[in-house]
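Each chain, written out:
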Amino acid sequence: YLAVTGEEGIDKLVGFSHDYWKGRREDAWKTYVTKFPQIQELPDVGYNDTISVESIISLDPDVVLMSAPVNYDYIEPELDKFAEAGIEVAFVNYHKQTVEMHRSSTELIGEIMGQEERAKEISDFYEDQVKLIEERISGLEENAERPKVYMEYSIAPNTYGNSWADKMWGALIPQCGGINIAAGLSDGNSVEVAPEQVIASNPDLIVFTGCLVDDNNENIVVGYGADREKALERLQAYKEREGWSGLNAVKNDRMAVLYHDLSRHIFDFAGTQMLAKLCQPELFADVDPEENLRTFFEKYMPVELEGVWMVSLEAEE
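Residues numbered from 1 in each chain as written. Predicted model: local features only at pLDDT ≥ 70, side-chain atom pairs only at ≥ 80, totals over all residues. Heavy atoms only, no water.

**Q** Please explain the side chain of His265 as it appears in this structure.
**A** For His265, the position within the fold is in the loop between β7 (255-259) and α12 (269-279). Among the polar contacts made by the side chain of His265, one reaches the side chain of Asp261 at a distance of 3.3 Å. If near-sequence neighbours (up to four positions away) are discounted, His265 is found in contact with Tyr20, Trp21, Tyr94, His102 and Tyr126. (Helix = DSSP H or I, 4+ residues; strand = E, 2+ residues; numbered from the N terminus. Polar contact = N/O pair within 3.5 Å; in protein donor to acceptor, adjacent residues only side chain to side chain. Contact = heavy atoms within 4.5 Å.)

Next comes the structure, spelled out in structure tokens:
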């Protein structure tokens with residue numbers, strides 16, 4: 001939304017869901033609150049099953065912008081109330097993880113906010129960045145080496161977090177030239193992979209995702225304002241997990257962490273490029289995903305890109 005509208009978009013908000021950001025994405029929350037302290041005072045309309053249609057209607061918006069499919073499942077039974085109040089509802093979908101849906105969602109925001117040209121420019125930038133990945137991966141020989149990859153949401157060295165089967169980060173692994181050891185294990189967004197299965201699969205590459213949350217002091221923190229040395233120190237601690245010393249990824253320091261929110265956003269091309277560079281380092285040796293992300297922020301985002309967004313043990317050798 002802010003990429004499309006620019007800074008003036010803040011003044012057109014009458015309310016939003018605080019709980020997606022506050023606590024869950026504490027680094028992003030702090031960054032945007034510092035830039036726009038007024039957002040703390042905007043009414044909180046709830047999140048997922050706590051979304052309040054009555055609260056939204058009371059704010060008398062011209063349009064309600066929601067995320068599909070997540071919000072739709074909760075709000076569908078009450079859409080008639082918006083219609084009765086004369087309020088338009090628009091759904092965007094970055095969960096589909098396709099260039100086409102990213103484009104149409106971004107350009108819909110542009111149409112609603114009177115920023116059609118800027119929205120198209122952003123969509124073009126996004127598509128060019130994704131095509132870079134698709135073209136190189138499509139050129140891989142059928143018998144080319146594809147590493148077995150295990151991905152996990154970082155909680156603590158001694159606590160396994162969830163992984164992803166065929167959605168979210170799990171969907172990106174094969175697109176980036178890897179083999180997801182959790183593929184097919186679930187129809188949902190996330191999946192629990194048993195420690196024994198991880199060890200038996202012997203992944204060649206282990207990738208964590210992480211971000212600052214307000215109730216965890218042991219996860220790997222990357223993102224807005226994150227410190228590279230601290231992230232490396234915490235990543236290193238995961239090598240000591242029981243049974244991991246013999247894994248190919250651990251023995252070869254093929255372990256990394258990416259910012260968790262580099263998927264399902266208009267700048268998620270950077271997360272995909274990072275993962276592709278980890279899976280196929282020679283193929284993407286000349287690609288600098290963080291620099292491409294920085295370029296996007298400088299062009300379109302109202303806050304500066306400060307911190308670290310990807311850390312790899314192998315890269316530090």
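**Q** Explain the pairing of strand β3 (residues 148-153) to me, please; I cannot follow it from the model alone.
**A** Of all six residues that make up β3, five are buried, and the element is covered over most of its length. The sheet contact formed by β3 and strand β4 (residues 179-180) spans two bridges and is parallel. Across the sheet, residue Lys148 finds its bridge partner in β4, namely Ile179. As for the winding sense of the linkage, the β-α-β connection from β3 through helix α8 (residues 169-175) to β4 is right-handed. Examined bridge by bridge, β3 and strand β5 (residues 205-210) share five bridges and lie parallel to one another. Note on β5: the bridge partner recorded for Tyr153 is Thr209. (Buried < 20%, exposed > 50% of the residue type's maximum accessible area, 1.4 Å probe, protein only. Pairing = 2+ DSSP bridges. Right-handed = clockwise from strand over helix to strand, strands pointing away.)

**Q** Would you take a moment to explain a negative patch on the surface for this structure?
**A** A cluster of acidic residues, Asp288, Glu291, Glu298, Glu304 and Glu306, forms a negative patch on the protein surface. By secondary structure assignment, the location of Glu298 is in helix α13 (residues 289-300). According to the relative accessible area criterion, Glu298 is exposed, its value standing at 61%. (Patch = residues over 30% accessible without salt bridge, like charges linked within 9 Å, V, L, I, M, F, W, Y side chains within 5 Å. Areas by Shrake-Rupley, 256 points an atom, 1.4 Å probe, with all protein chains shown as cover. Salt bridge = Lys/Arg side-chain N within 4 Å of Asp/Glu carboxyl O. Lys, Arg positive; Asp, Glu negative; His and termini not counted. Charge placed at Lys NZ, Arg CZ, Asp CG, Glu CD.)

**Q** What's the story with the packing of aromatic side chains in this structure? I'm lost.
**A** Aromatic ring pairs are defined here through the distance separating the ring centres and the angle between the ring planes. Scanning all chains against the criterion turns up 21 aromatic pairs. Where Tyr20 meets Trp21, the ring centres are 4.7 Å apart and the plane angle is 75°; that geometry is what we call edge-to-face. Here Tyr20 falls in the buried class, since its relative accessible area comes to 16%. Given the relative accessible area of 28%, Trp21 is considered partly exposed. Relative to Tyr238, the ring of Phe208 lies with its centre 4.4 Å away and its plane at 55°, an arrangement referred to as tilted. (Phe/Tyr/Trp six-rings, centres within 6.5 Å; stacked < 30°, edge-to-face > 60°.)

**Q** Just checking my understanding: could you explain the pattern of salt bridges for this structure?
**A** One side chain can pair with another of opposite charge once the charged atoms of both are near each other. Here the structure, examined in full by the defined rule, presents 14 salt bridges. Taking the shortest distance from any N to any O, the salt bridge between Asp253 and Lys239 comes out at 2.7 Å. With Asp253 in the loop between α11 (248-251) and β7 and Lys239 in the loop between α10 (228-237) and α11, this pair connects stretches of sequence that are 14 residues apart. Through salt bridges that share partners, Arg103, Glu107, Lys120, Asp124, Glu127 and Lys131 make up one connected network.

**Q** Would you take a moment to explain the packing of α12 against α13 for this structure?
**A** In a packed pair of helices, the relevant descriptors are the angle between the two axes and the axis-to-axis distance. Closest axis-to-axis distance for the α12/α13 pair is 9 Å, and the angle between their directions is 170°. By the angle between their directions, the pair α12 and α13 is classed as roughly antiparallel. Of the residues in α13, those touching α12 at Phe269, Ala270, Gln273, Met274 and Lys277 are Pro289, Glu290, Asn292, Leu293 and Phe296. (Axes fitted to C-alpha atoms, helices over the stretch in contact; angles between N-to-C directions. Parallel < 35°, antiparallel > 145°, perpendicular 65-115°, else oblique.)

**Q** Honestly, unusual backbone geometry in this entry has me stumped. Any pointers?
**A** Most peptide bonds take the trans form, and the phi angle of most residues other than glycine is negative. Geometrically, the link from Ala68 to Pro69 is a cis peptide bond, its omega value of 5° lying close to zero. Structurally, Pro69 is set in the loop between β1 (63-67) and α4 (70-75). Positive phi outside glycine occurs at Asn48, with the angle close to 55°. Mapped onto the fold, Asn48 is located in the loop between α2 (26-35) and α3 (53-58).

**Q** Hey, could you run me through the environment of Thr50 in this one?
**A** When you line up the elements, Thr50 lands in the loop between α2 and α3. With 24 residues separating them along the chain, Thr50 and Tyr74 place their C-alpha atoms 8.9 Å apart.

**Q** For this particular structure, what's the right way to read the sheet that holds β5?
**A** Note on sheets: strands pair through backbone hydrogen bonds, and any given pair is parallel or antiparallel. On the basis of which strands lie adjacent, the open sheet formed by five strands has the order β4-β3-β5-β7-β9 and mixed pairing. At either margin of the open sheet sits one strand with a lone partner, and together these are β4 and β9 (310-312). Relative to β9, α10 is tilted by about 50°, and along the sheet it contacts β5, β7 and β9.

**Q** Would you mind showing me how to read the state of the cysteines here?
**A** Disulfides are covalent bonds that connect the sulfur atoms of two cysteines. Using the criterion set out here, one finds zero disulfides in the structure. This cysteine, Cys176, is not joined by any disulfide, and Cys279 carries the nearest cysteine sulfur, 5.8 Å off. With no disulfide of its own, Cys211 lies 20 Å from the sulfur of Cys176, the closest cysteine sulfur. (Disulfide = S-S within 2.5 Å.)

**Q** Looking at this structure, I do not really get α10. What am I missing?
**A** An α-helical turn contains 3.6 residues, so a residue and the one three or four places further along point in the same direction. Of all the residues in α10, the buried ones are Ala231, Leu232 and Leu235. The arc that holds every buried residue of α10, seen down its axis, measures 100°, which confines them to one face. Turned more than 90 degrees off the buried face of α10, the exposed positions are Glu229, Lys230 and Glu233. Where α10 is buried, its residues meet β5, β7 and β9. By the N-cap criterion, in which a side-chain oxygen at the helix start approaches the backbone nitrogen of a residue two or three places on, α10 is capped by Asp227, the distance to Glu229 being 3.1 Å. (Arc of directions from axis to C-beta.)

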